[in-house]
Amino acid sequence: MDLFQQNQLSPFPLDDGTVAVLPQLPFHLSNAEVLARLIAETDWRAESVILWGKQHLQPRLTAWHGEAAYTYSGLRLEPLPFTPLQLALKQAVEAACGQRFNSVLLNFYRNERDSMGMHSDDEAELGPQPVIASLSFGAERTFILRHKQTKQTLKLVLKDGTLLVMSGNTQKHWLHGINKSTRPIGPRVNLTFRFLF
Ligand SMILES: O=C(O)CCC(=O)C(=O)O
Ligand SMILES: [Fe+2]
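Residues numbered from 1 in each chain as written. Chains lettered and ligands numbered in written order. Predicted model: local features only at pLDDT ≥ 70, side-chain atom pairs only at ≥ 80, totals over all residues. Heavy atoms only, no water.

An unreviewed UniProt entry annotates the chain as Alpha-ketoglutarate-dependent dioxygenase AlkB of Massilia frigida.

*Asks:* Would you explain the overall build of the chain in this entry?
*Replies:* Helix and strand counts for the chain come out as three helices and 15 strands. Taken over C-alpha atoms, the radius of gyration comes to 16 Å for the chain, in line with the 16 Å a tight globule of 197 residues would show. By its C-alpha atoms, the chain is 50 × 40 × 40 Å across when sized along the principal axes. Across the chain, contacts joining residues at least 24 apart in sequence account for 73% of those joining residues at least 6 apart. (Helix = DSSP H or I, 4+ residues; strand = E, 2+ residues; numbered from the N terminus. Rg over C-alpha atoms; globule rule 2.2 N^0.38 Å. Contact = heavy atoms within 4.5 Å.)

*Asks:* Help me out: how do you make sense of the sheet that holds strand E8 (residues 103-109) in this one?
*Replies:* To summarise the sheet geometry, strands pair through backbone hydrogen bonds and adopt either a parallel or an antiparallel arrangement. One open sheet accounts for seven strands, arranged E1-E2-E13-E10-E15-E8-E5; its pairing is antiparallel. Single-partner strands in this sheet number two, and they are strand E1 (10-12) and strand E5 (61-66). Ignoring strand direction, the axes of neighbouring strands in this sheet form an average angle of 20°. Where E1 and strand E2 (residues 18-22) come together, three bridges link them in antiparallel fashion. Across the sheet, residue Pro11 finds its bridge partner in E2, namely Ala20. Strand contacts of helix H1 (residues 31-41): E8, strand E10 (132-138) and strand E15 (188-194), with the helix running at about 100° to E10, the strand carrying the most contacts. Along the sheet, helix H2 (residues 84-97) contacts E2, E5, E8, E10, strand E13 (163-167) and E15; its crossing angle with E15, the most-contacted strand, is approximately 65°. (Pairing = 2+ DSSP bridges. Axes fitted to C-alpha atoms, helices over the stretch in contact; angles between N-to-C directions.)

*Asks:* Looking at this structure, I do not really get the layout of surface pockets. What am I missing?
*Replies:* Considered as a void within the structure, the largest pocket measures approximately 350 Å³ in volume. Going through the elements one at a time, strand E3 (48-51), strand E4 (54-57), strand E6 (70-72) and strand E9 (116-119) are the ones with two or more residues in the lining of the largest pocket. With four residues, E9 is the largest single contributor of residues to the lining of the largest pocket. The class makeup of the residues in the lining of the largest pocket is nine nonpolar, seven polar and four charged. Lining the second largest pocket, in full, are Glu140, Arg141, Thr142, Ile144, Lys155, Val157, Asn179, Lys180, Ser181, Arg183 and Ile185. Counting only elements with at least two residues in the lining of the second largest pocket, the list comes to strand E11 (141-147) and strand E12 (153-158). (1 Å grid on protein atoms, 1.4 Å probe; cavity = no way out; pocket = protein on both sides within 12 Å on 5 of 7 lines; lining within 4 Å. Points joined across faces, edges and corners; volume = space filled by probe spheres on them. Nonpolar A, V, L, I, M, F, W, Y, C, P; charged D, E, K, R; others polar.)

*Asks:* Could you clarify how one ought to interpret the coordination of the iron ion (ligand 2) in this entry?
*Replies:* The textbook angles at a metal center are 109.5 degrees for a tetrahedron of four donors and 90 or 180 degrees for an octahedron of six. Taken together, His119 (NE2), Asp121 (OD) and His176 (NE2) make up the full set of protein donors to the iron ion (ligand 2), lying 2.1 Å away. Positions of the donor residues of the iron ion (ligand 2) along the chain correspond to the pattern H-x1-D-x54-H. The class of Asp121 is buried, set by a relative accessible area of 6%. (Donors = N, O, S within 2.8 Å, 3.2 Å for Na, K, Ca; no water. Buried < 20%, exposed > 50% of the residue type's maximum accessible area, 1.4 Å probe, protein only.)

*Asks:* How should I be thinking about the nonpolar core in this particular structure?
*Replies:* As a rule of thumb, nonpolar side chains are buried together in soluble globular proteins. Formed by 28 residues in total, the largest nonpolar core has its most connected members in Leu38, Leu89, Val93, Leu135, Leu191 and Phe193. Listing elements by their share of this core, those giving two or more residues are H1, E5, H2, E8, E10, E13 and E15. Residue contributions to this core peak at five residues, all from H2. Here Val93 is in contact with Leu25, Phe101, Ala133, Leu135, Leu163 and Phe193, once residues within four sequence places are set aside. Leu126, Ile132, Phe143 and Met166 belong to the second largest nonpolar core, which has 24 residues in total. (Core = buried A, V, L, I, M, F, W, Y, C linked by side-chain atoms within 4.5 Å.)

Below, the structure is given as structure tokens:
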């Protein structure tokens, strides 16, 4: 293996989309310290969303930080300013993927019962080819990608410190999500950095 490739994103083979993975984002703090600080310092919210006309509590906690409000599933999230830790993580992610971001959605999966339903991040304010940089800390969870037409399903285990970047037509042709599990799973925090136009 070429040692110089270890700090670079590697493409994950995918039809009709572009996904790349970096197993460990270079950062000056340990993954454990980042996880502990994100859990303790974030103003976590249990948000309700409207699905098929009914109000549901999301099966995870969230926070929205950055420069613009975000609207999805009938929910309008007013942004909080970036914290110093979030800004440092944003800079590390920007350096790794050569893209700028102005917002971040934080997701806190408290245990195996927390999840995220299959969706595309395809809101108009993300532009026609959104670049979404997803950074994970804590327990491993399986990230599922499902093609909207062919139903091809791919699974990727997202480990502590992993950066996954979706770009190109990924949101147009693929859904993604995180399933619940029957096996006990510890806490995980995921940050999805986005650019809102
Ligand atoms: O937790 C994850 O890995 C997925 C997060 C996600 O898809 C999102 O925030 O839109
Ligand atoms: Fe997403």
